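Spelled out, the chains give:
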Amino acid sequence: MNSILFYSPVIFQSLGFGNSAALYSSIITGSMLVVGALISMVTVDRLGRRFLFIEAGIQMIASMVVVAVILALKFGHGQELTKGVSTVLVVAICLFVVAYGWSWGPLGWLVPSELFPLEMRSAGQSVVVCVNLFWTAAVAQCFLAALCHLRWGVFVLFAALIVVMSIFVILLLPETKQVPIEEIWMLFDRHWYWKRIVRKDPKYQGNLHLQQQQQDMPPANAAGVKPSSDV
């Protein structure tokens, strides 16, 4: 996403747009990002995090495939791109940006803040910020070189990465919509995969909760019930 925003003027200018059109493209993509964030604010607690992730993943994959196919067929053959082809490219990139704006952009910060327990939230969020900024810088530094060597293939690479991200969400991300922070651990306790991992930890909140319930249960004879005897 940052590569698209950083280098959108360069991308559009290399596609045959003029200098002013390249500047306009940067304004358009920035506006689409804001629109996506506003849509996310309105719908995230209605539709859920997983829905926005999965829908946006499909939209982003389709957009990158369209861009890659058009560039593979039309770009680099010494011919100027027609207005129709250029319009399709702009629309595809804008659809990519707006999908990111309502999914991985804001939710990439929201969901980790919901999943971490209170006692380790600050440390967990620090790791999230560190990893996010590291890969932002790495992708930004490598994008131009990848674009020169892979050309249209770099967008296929992006689409493949989004496929992996979407599969991760479908299989491994629990839905945190309208779930209180104190009950987030129950999502992992019921999840088909994570429950096999978290229940092995003796300090896991679910195990501590079960131990507390067992301690609070009255003994069998506490209510004056006499044990049955054989007749």
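Because the structure is predicted, anything quoted here is derived from the model rather than measured. (Residues numbered from 1 in each chain as written. Predicted model: local features only at pLDDT ≥ 70, side-chain atom pairs only at ≥ 80, totals over all residues. Heavy atoms only, no water.)

K.L.:
Could you clarify how one ought to interpret the packing of helix α3 (residues 49-74) against helix α7 (residues 153-172) in this entry?
P.N.:
Two measures define how a pair of helices packs: the angle their axes make with one another and the distance between the axes. Two elements in contact, α3 and α7, have axes separated by 9 Å at closest approach and are oriented at 165 degrees. By the criterion of interaxial angle, the relationship of α3 to α7 is roughly antiparallel. As for the relative orientation of α3 and α7, their crossing is left-handed in sense. Every residue of α7 that contacts α3 at R50, F53, I54, G57, M60, I61, M64, V65, V67, A68 and L71 is listed here: F155, V156, F158, A159, I162, V163, S166, V169 and I170. Among the residues making up the contact of α3 with α7, the classes are represented as 17 nonpolar, 2 polar and 1 charged. (Axes fitted to C-alpha atoms, helices over the stretch in contact; angles between N-to-C directions. Helix = DSSP H or I, 4+ residues; strand = E, 2+ residues; numbered from the N terminus. Parallel < 35°, antiparallel > 145°, perpendicular 65-115°, else oblique. Left-handed = near helix turned anticlockwise from the far one by under 90°. Contact = heavy atoms within 4.5 Å. Nonpolar A, V, L, I, M, F, W, Y, C, P; charged D, E, K, R; others polar.)

K.L.:
Help me understand the side chain of S166, please; the structure alone is not making it clear to me.
P.N.:
One can find S166 in helix α7. Classification of S166 as buried rests on a relative accessible area of 10%. Filtering out sequence-adjacent residues up to four positions away, S166 remains in contact with G57 and I61. (Buried < 20%, exposed > 50% of the residue type's maximum accessible area, 1.4 Å probe, protein only.)

K.L.:
Just to check I follow, could you spell out the environment of F116 for this structure?
P.N.:
Residue position: F116 is located in the loop between α5 (104-115) and α6 (121-150). For the pair formed by F116 and W185, sequence separation is 69 residues and the distance between their alpha carbons is 9.1 Å. Discounting residues that sit within four places of it in the chain, F116 has contacts with R121, G124, Q125 and V128.

K.L.:
Looking at this structure, I do not really get helix α4 (residues 83-101). What am I missing?
P.N.:
One turn of the α-helix equals 3.6 residues, which is why residues spaced by three or four share an orientation. If you check α4, its first and last C-alpha atoms are 27 Å apart, about what 19 residues at 1.5 Å a residue would give, namely 27 Å. What α4 keeps buried is the set V85, S86, L89, A92, I93, C94, F96, V97, V98, A99, Y100 and G101. (Expected span 1.5 Å × (residues − 1).)

K.L.:
What exactly am I supposed to notice about the UniProt feature "transmembrane region" (unreviewed entry) in the protein here?
P.N.:
The UniProt feature table records "transmembrane region" (unreviewed entry) at residues 21-39, 51-73, 85-103, 123-147 and 154-173. With 100% helix and 0% strand, the stretch residues 51-73 has end C-alpha atoms that lie 33 Å from each other. For residues 85-103, the helix share is 89%, the strand share is 0%, and the end-to-end C-alpha distance is 27 Å. (UniProt positions renumbered as here; feature names shortened; annotations may be inferred.)

K.L.:
I'm lost on the side chain of S40 in this one. Help?
P.N.:
Position of S40 among the secondary structure elements: in helix α2 (residues 19-47). With residues up to four places along the chain from it excluded, the contact list for S40 reads L52, G101, W102, P106 and L107.

K.L.:
How do you make sense of a nonpolar patch on the surface when you look at a structure like this?
P.N.:
Judged by side-chain polarity, V127, V131, F134, W135 and V139 come together as a nonpolar surface patch covering roughly 500 Å² of accessible area. The exposure class of V131 is partly exposed, given its relative accessible area of 44%. (Patch = residues over 30% accessible without salt bridge, like charges linked within 9 Å, V, L, I, M, F, W, Y side chains within 5 Å. Areas by Shrake-Rupley, 256 points an atom, 1.4 Å probe, with all protein chains shown as cover. Salt bridge = Lys/Arg side-chain N within 4 Å of Asp/Glu carboxyl O.)

K.L.:
Whenever I open this one, the environment of Q13 confuses me. Can you help?
P.N.:
Tracing the backbone shows Q13 in helix α1 (residues 2-14). Given the relative accessible area of 40%, Q13 is considered partly exposed. Put simply, Q13 and S25 are 12 residues apart on the chain and 9.5 Å apart in space, counted from C-alpha to C-alpha.

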